[in-house]
Amino acid sequence: MADNPKKRGRDRELVSEQEQEVAYLMRTARVTRQKALEAIREAGPNRDKVMDYLQSK
């Protein structure tokens, strides 16, 4: 369920710079914290785009 009840959709599709989100990216993509944060900032909040960005680097 979304944090904001007016917001529809799934939060799983989005990624933020929160510690648990960054740690998940670090584990799944096997990258450093710095690379994970860079990917989020460059690719935006869409999880698929972040993973594509990490795989292309």
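Residues numbered from 1 in each chain as written. Predicted model: local features only at pLDDT ≥ 70, side-chain atom pairs only at ≥ 80, totals over all residues. Heavy atoms only, no water.

K.L.:
Mind showing me how you'd approach helix 2 (residues 33–43) here?
P.N.:
Residues of helix 2 that are buried include every one of Ala36, Leu37, Ala39 and Ile40, and no others. One side of helix 2 holds all its buried residues, which, seen down the axis, span an arc of 155°. Opposite the buried face of helix 2, by more than 90 degrees, sit the exposed residues Gln34, Arg41 and Glu42. Close packing links the buried residues of helix 2 with helix 1 (19–29) and helix 3 (47–56). Of the residues flanking the end of helix 2, it is Gly44, one or two places downstream, whose phi is positive at about 95°. (Buried < 20%, exposed > 50% of the residue type's maximum accessible area, 1.4 Å probe, protein only. Helix = DSSP H or I, 4+ residues; strand = E, 2+ residues; numbered from the N terminus. Arc of directions from axis to C-beta. Contact = heavy atoms within 4.5 Å.)

K.L.:
What should I look at first to understand the packing of helix 1 against helix 2 in this one?
P.N.:
Remark: helix 1 packs on helix 2, axes separated minimally by 9 Å, with the N-to-C direction vectors making an angle of 110°. Classed by the angle they form, the pair helix 1 and helix 2 counts as roughly perpendicular. Residues Glu19, Val22, Leu25 and Met26 of helix 1 form the contact with helix 2, whose own contacting residues are Arg33, Ala36, Leu37 and Ile40. Taken together, the residues that form the contact of helix 1 with helix 2 break down as 6 nonpolar, no polar and 2 charged. (Axes fitted to C-alpha atoms, helices over the stretch in contact; angles between N-to-C directions. Parallel < 35°, antiparallel > 145°, perpendicular 65-115°, else oblique. Nonpolar A, V, L, I, M, F, W, Y, C, P; charged D, E, K, R; others polar.)

K.L.:
Where do I start with unusual backbone geometry in this structure?
P.N.:
One can expect most non-glycine residues to show negative phi and most peptide bonds to be in trans. Despite not being glycine, Arg30 has its phi angle at roughly 55°, a positive value. Within the secondary structure, Arg30 sits in the loop between helix 1 and helix 2. Note on Arg30: relative accessible area 76%, which makes it exposed.

Scope: geometric values only; no functional claims are made or implied.
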